[in-house]
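One letter stands for each residue in the lines below.
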There are 2 protein chains.
Amino acid sequence: MNCSILSVGTELLMGQTINSNTFFLSRKLNELGYNVLYHFSVGDNPDRLENIFKTALDISDIVITTGGLGPTQDDLTKEIISRFIGKELKLNEDSLKKIKYYFEKINREMTDNNIKQAFIPEGAIVLPNDIGTAPGFILNENEKIIICLPGPPREMNLMFQNYVKPYLAEKSKYIIKSDIIKFFGIGESKLEWILQDLISNQTNPTLATYANEGELSLRITARGKSLEEAEKLINPIKQEIKKRLDKFIYSYNNQSLEEVVGDMLIRKNVSISLAESCTGGLLVSKLTSIPGISSVLDRAIVTYSNRAKIDELGVKRETLEKYGAVSKETAMEMAEGLKDITGSKICLSITGIAGPTGATSKKPVGLVYIGVSTDEKTFYYKYNFNGSRNKIRNYSAMTALNIIRKIIEKY
Amino acid sequence: MNCSILSVGTELLMGQTINSNTFFLSRKLNELGYNVLYHFSVGDNPDRLENIFKTALDISDIVITTGGLGPTQDDLTKEIISRFIGKELKLNEDSLKKIKYYFEKINREMTDNNIKQAFIPEGAIVLPNDIGTAPGFILNENEKIIICLPGPPREMNLMFQNYVKPYLAEKSKYIIKSDIIKFFGIGESKLEWILQDLISNQTNPTLATYANEGELSLRITARGKSLEEAEKLINPIKQEIKKRLDKFIYSYNNQSLEEVVGDMLIRKNVSISLAESCTGGLLVSKLTSIPGISSVLDRAIVTYSNRAKIDELGVKRETLEKYGAVSKETAMEMAEGLKDITGSKICLSITGIAGPTGATSKKPVGLVYIGVSTDEKTFYYKYNFNGSRNKIRNYSAMTALNIIRKIIEKY
């Protein structure tokens, strides 16, 4: 069945709150096998609310609203909807009891405007609010389902999990399975180009790509009567993609690059140390976001000054003078120096020009060297990245993670 | 004028991405004196996209779309809209040049499907994409304004700031002046409680608080016929807030904590070095996001292992054995050791338990010590943070930045 989500609240239109309710509901509804076709947001304005609710109801089987169930004058969702579908609002004694009890618990006096919240359209299924005052409800009207939920995310999430999810799960004919494949080192358009044939005849499963902060994802979504049926649809596609693009793929199950690398390091117990200059700790901070990394990560040294490169890593003064801090020579001496100090299996260094300043005629912003020293050898990579300081820093750190991934694969 | 925002992208309906573009645009449009009346989201489906675009155009003076301008087959926004309003798509040579140049710069081969992005509806104002490939455009059609922007937030934000904002500002009858005050060390509800009286009688200027990743902001927005008029409205409120909350305020002009601290360090030329354990480089990576920080930041050492704490910082083995790595003694020895090595004016250390593992009966997850060593003295702070691993890491780094800020104020 096709769903629309209608968020009610002027704060959304003012840009004062991000619409996390719609984000949450969309994910949950998809997991339950429902198609979400539209999102709508409207303010606390009776005419516009009625108008947009009518639009939503016309084009969907299920309309889920959030917000506008509270005690105040501008909480109108319930009133508008019940009037629109011609249902009277009736006092619901249970809900009133709950609201009174709620105020006792937080020992605050209950003002009369709260009673308004206990009125429910006749014939509706009441959805208790276990951590707030406003109950929600479900109306099943000539082939359409209308579900009204409160606006505060904590109340809405809990009400959905406890009461709406079971109701919808029982009604759903399908389950939806989504697999996400992650790529590095290939652009979105190139990826689309290579998978054009698979993408263009997409029905079930469907394929879609997303690019965000250097991470490129491909989502494969299948709908089936059972999980097995959905997986049967996904797996051949996954195999075909693996065949064409495996060398660019770092995860077949939606892990971030740092998760993949962190987990590999921990699982294979490969010790690692890092020496960062232009990324200024961004690489190690990504890696240390992974729980348990302390078992393999010995240390990271952010050597921003030349002096620090000399003291901490034993980079030769002559090297810095002759080739500069941003050079393959310095990158390799940083990695080798770190290797001597720590003995970690993998020692990686990054030195580059993140900008906006620091460029020279020979060394543009975005020039980055990555040095690696392992038990076998010391080597380097050279890159010319472009974009803002933070984009260059981020892409440098991602690239380093991918280099580490390639190395550990062999361990 | 009344605006609708139409987001195009199946990933929104699938609940895979939160709609940050609509959040951003709503705030910006309000700041420019425009009313946002509706938000819409629709997937990459031609009929539904056309249908919802028509609805939006009917009920608004300005429709702003995001997404669906990319090179791929399911990027349809431009095609649908130009067909709907009866404009032909024409190749825009400048845009094509830019796209080609973009691929040269990142030295990736440009696949043919990218050319599609250079086609613009006839008569449209082209909006250059300075950090990506897909240009946007503005169409001014019989009393209606249609603005199409790319989906990736970074590209959309920059395009809006550089090209759309000036265009809309010039059309707006009002000047909207927004000042943002940043707070640290106080919660959102406490802040609202202290400013209750100012917030509740808000008309012009309006006050709104936003909490995000440990950053707490208060926006004061005034609408006037001139900048002076708007500022006249804002200043007395600002003074009153300063009077009540100055000690919690680190910026009166919307700077991030790392910007404030970075700029102070650079301006006052105070050298600094860092020793991080549980934050794993997050603190130094925040600080190194500030251009020019290399003039004062000597080095940062991420000592994840005990051995690294001993080798790199001269922490005593006995100290680690007797008090543990997470203790005031270790924190202070880390800071003092760093001071001995670097001689930086400020040496700061962080050691703690970010979790989810690593807690003991005496040392819970969230226990964090921050040590500081200056020319005058060495001291420490103790905290018990709560939340996820990343929340604890982030809040620890923010707290350290705030400590540095307090120290430099005295220099």
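Residues numbered from 1 in each chain as written. Chains lettered and ligands numbered in written order. Predicted model: local features only at pLDDT ≥ 70, side-chain atom pairs only at ≥ 80, totals over all residues. Heavy atoms only, no water.

The name that an unreviewed UniProt entry assigns to chain A is Putative competence-damage inducible protein, with the source organism given as Caminicella sporogenes DSM 14501.

Chemist: Help me understand the interface of chain A and chain B in this model?
Modeler: Interfaces are often described in size by the accessible area the parts lose on coming together. Contacts between the two partners involve 77 residues from chain A, matched on the other side by 76 residues from chain B. Both sides of the chain A and chain B interface together cover about 6300 Å² of buried area, and 52% of this is carbon and sulfur. The interface formed by chain A and chain B includes five salt bridges. Counting the contacts that link chain A with chain B gives 35 residue pairs in polar contact (both at pLDDT 80 or more). Grouping the constituent residues of the side of chain A that touches chain B by class yields 30 nonpolar, 33 polar and 14 charged. In the sheet, strand 2 (residues 35-42) of chain A pairs with strand 2 (residues 35-42) of chain B via five bridges, with the strands oriented antiparallel. Across the sheet, V42 of chain A pairs through a bridge with Y38 of chain B, a residue of strand 2 of chain B. (Contact = heavy atoms within 4.5 Å. Buried area = accessible area lost by both parts, 1.4 Å probe. Salt bridge = Lys/Arg side-chain N within 4 Å of Asp/Glu carboxyl O. Polar contact = N/O pair within 3.5 Å; in protein donor to acceptor, adjacent residues only side chain to side chain. Nonpolar A, V, L, I, M, F, W, Y, C, P; charged D, E, K, R; others polar. Pairing = 2+ DSSP bridges. Helix = DSSP H or I, 4+ residues; strand = E, 2+ residues; numbered from the N terminus.)

Chemist: Would you take a moment to explain the nonpolar core for this structure?
Modeler: Across soluble globular proteins, nonpolar side chains have a tendency to be buried as a group. Ranked by size, the top nonpolar core spans 48 residues in total, and within it L6, F40 and I146 of chain A together with L6, F40 and I146 of chain B carry the most contacts. Setting aside residues no more than four positions away along its own chain, L6 of chain B makes contact with F40, V42, L49, I52, F53, V63, I64, T65 and T66 of chain B. In this structure, M264, C278, L283 and M398 of chain B belong to the second largest nonpolar core, which totals 41 residues. (Core = buried A, V, L, I, M, F, W, Y, C linked by side-chain atoms within 4.5 Å. Buried < 20%, exposed > 50% of the residue type's maximum accessible area, 1.4 Å probe, protein only.)

Chemist: I keep staring at the sheet that holds strand 16 (residues 367-373) of chain A and nothing clicks. Help me out?
Modeler: Sheet strands pair by backbone hydrogen bonding; their relative direction is either parallel or antiparallel. Spatial ordering of the open sheet is given by 17(A)-16(A)-15(A)-13(A)-14(A)-14(B)-13(B)-15(B)-16(B)-17(B), a layout of 10 strands whose pairing is mixed. Looking at strand neighbours, the two that pair on one side only are strand 17 (378-384) of chain A together with strand 17 (378-384) of chain B, the edges of this open sheet. For this sheet, the mean inter-axis angle between neighbouring strands, taken without regard to orientation, is 10°. Direction of pairing for strand 16 (residues 367-373) of chain B relative to strand 17 of chain B: antiparallel, over a ladder of seven bridges. Paired with G371 of chain B across the bridge in strand 17 of chain B is Y380 of chain B. (Axes fitted to C-alpha atoms, helices over the stretch in contact; angles between N-to-C directions.)

Chemist: What should I look at first to understand the pattern of salt bridges in this one?
Modeler: Pairing between side chains of opposite charge can happen when their charged atoms approach one another. Applying the stated criterion across every chain yields a total of 48 salt bridges over all chains. We note a salt bridge from E109 of chain B to K190 of chain A, for which the minimum N-O separation is 3.7 Å. With one member in each of two chains, E109 of chain B in the loop between helix 5 (93-105) and strand 5 (119-121) and K190 of chain A in helix 7 (residues 188-200) form a pair that bridges those chains. The exposed category is assigned to E109 of chain B, whose relative accessible area is 55%. Close ionic contact of E240 of chain B with R244 of chain B constitutes a salt bridge, the shortest N to O distance being 2.7 Å. Placement of both E240 of chain B and R244 of chain B in helix 9 (residues 227-245) is noted, with a separation of four residues, approximately one turn of the helix. Overlapping salt bridges bring together D298 and R299 of chain A together with R307, D311 and E312 of chain B as one network.

Chemist: Looking at this model, I keep getting lost on the packing of helix 12 (residues 306-313) of chain B against helix 14 (residues 328-342) of chain B. Mind explaining?
Modeler: Residues and elements named next belong to chain B. Helix 14 packs onto helix 12 with a crossing angle of 35° between their chain directions and a minimal axis gap of 9 Å. Contacts between helix 12 and helix 14 involve K309, E312 and L313 from the former and T330, E333, M334, G337, L338 and I341 from the latter. The residue inventory of the contact of helix 12 with helix 14, partitioned by class, reads four nonpolar, two polar and three charged.

Chemist: Looking at this structure, how should I read helix 2 (residues 20-31) of chain A?
Modeler: In an α-helix, one turn spans 3.6 residues; hence positions three or four apart end up facing the same way. With 12 residues, helix 2 of chain A extends 17 Å between its outermost C-alpha atoms, agreeing within 8% with the 16 Å of an ideal straight helix rising 1.5 Å per residue. Directly after helix 2 of chain A, the chain includes G33 of chain A, whose backbone phi takes a positive value near 90°. (Expected span 1.5 Å × (residues − 1).)

Chemist: In this structure, what is going on with the domain arrangement of chain A? I would like to understand it.
Modeler: Residue and element names in this part refer to chain A. Under the domain assignment used here, chain A contains domain 1 (2-171), domain 2 (175-251) and domain 3 (257-408). Centre-to-centre separation of domain 2 and domain 3, based on C-alpha positions: 32 Å. Taken together, the two surfaces of domain 2 and domain 3 that pack against each other cover about 770 Å², and 59% of this comes from carbon and sulfur. The largest per-residue losses of area from domain 2 upon contact with domain 3 belong to F184, E213 and Y250, which jointly make up 66% of the total buried on that side. Our enumeration of links across domain 2 and domain 3 arrives at zero salt bridges. In this structure, the connection of domain 2 to domain 3 is made through two residue pairs in polar contact (both at pLDDT 80 or more). Per-class residue counts for the side of domain 2 that touches domain 3 are three nonpolar, three polar and three charged. (Domains from an automatic or database assignment.)

Chemist: Is there a simple way to think about the UniProt feature "domain: MoaB/Mog" (unreviewed entry) in chain A in this case?
Modeler: UniProt's feature table lists "domain: MoaB/Mog" (unreviewed entry) at residues 4-171 of chain A, given in the numbering used throughout. Along residues 4-171 of chain A, the helical share is 42% and the strand share 23%, with 16 Å between the first and last C-alpha atoms. (UniProt positions renumbered as here; feature names shortened; annotations may be inferred.)

Chemist: Just to check I follow, could you spell out the environment of E79 of chain A for this structure?
Modeler: Residue and element names in this part refer to chain A. Mapped onto the elements, E79 comes out in helix 4 (residues 77-84). The exposure class of E79 is partly exposed, given its relative accessible area of 23%. Remark: the alpha-carbon pair of E79 and I241, spanning 162 residues in sequence, is separated by 51 Å. With near-sequence residues (within four places) excluded, E79 lies in contact with L89 and K116.

Chemist: Explain the sheet that holds strand 9 (residues 175-183) of chain B to me, please; I cannot follow it from the model alone.
Modeler: Residues and elements named next belong to chain B. The sheet built from four strands is open, its strands ordered 10-11-9-12 with antiparallel pairing. Lying at the two open borders of the sheet, with one neighbouring strand each, are strand 10 (206-212) and strand 12 (249-251). On average, adjacent strands in this sheet sit at an angle of 35° to one another, irrespective of strand direction. Relative to strand 12, strand 9 runs antiparallel, the two sharing two bridges. Note on strand 12: the bridge partner recorded for K182 is S251.

Chemist: So what exactly am I meant to see when it comes to the environment of I59 of chain A here?
Modeler: Residue placement: I59 of chain A occurs in helix 3 (residues 46-59). Considering only alpha carbons, one finds I59 of chain A and C3 of chain A, 56 residues apart in sequence, at a separation of 8.7 Å. Once you skip the residues sitting within four places of it in the chain, I59 of chain A turns out to touch Y38 and F40 of chain A together with N51 and I52 of chain B.

Chemist: For this particular structure, what's the right way to read the state of the cysteines?
Modeler: Should the sulfur atoms of two cysteines be covalently bonded, the bond is a disulfide. Using the criterion set out here, one finds zero disulfides over all chains in the structure. Looking at C347 of chain A, it has no disulfide partner, and the nearest cysteine sulfur is the one in C278 of chain A, 18 Å off. (Disulfide = S-S within 2.5 Å.)

Chemist: How should I be thinking about the packing of aromatic side chains in this particular structure?
Modeler: Two measures describe an aromatic ring pair: the distance that separates the ring centres and the angle between the ring planes. Residues and elements named next belong to chain A. Under the criterion given, the structure shown has 21 aromatic pairs over all chains. Seen in terms of ring centroids, F184 and Y395 are 5.4 Å apart; in terms of plane orientation they differ by 25°. Their pairing is stacked. In this pair, F184 sits in the loop between strand 9 (175-183) and helix 7 while Y395 sits in helix 14 (residues 389-409), placing the two residues 211 residues apart along the sequence. For F184, a relative accessible area of 7% gives the class buried. (Phe/Tyr/Trp six-rings, centres within 6.5 Å; stacked < 30°, edge-to-face > 60°.)

Chemist: I tried to follow the packing of helix 3 (residues 46-58) of chain B against helix 4 (residues 77-84) of chain B on my own but got confused; where do I start?
Modeler: The relative placement of two packed helices comes down to the angle between their axes together with the axis-to-axis distance. Residue and element names in this part refer to chain B. The contact between helix 3 and helix 4 brings their axes to 10 Å, and the two run at 55°. Judged by the inter-axis angle, helix 3 sits oblique to helix 4. Relative to helix 4, the crossing made by helix 3 is right-handed. Listed contacts from helix 4 to P46, L49, E50, F53, K54 and L57 of helix 3 are T77, I80, I81, R83 and F84. When the residues that make up the contact of helix 3 with helix 4 are grouped by side-chain class, the tally is seven nonpolar, one polar and three charged. (Parallel < 35°, antiparallel > 145°, perpendicular 65-115°, else oblique. Left-handed = near helix turned anticlockwise from the far one by under 90°.)

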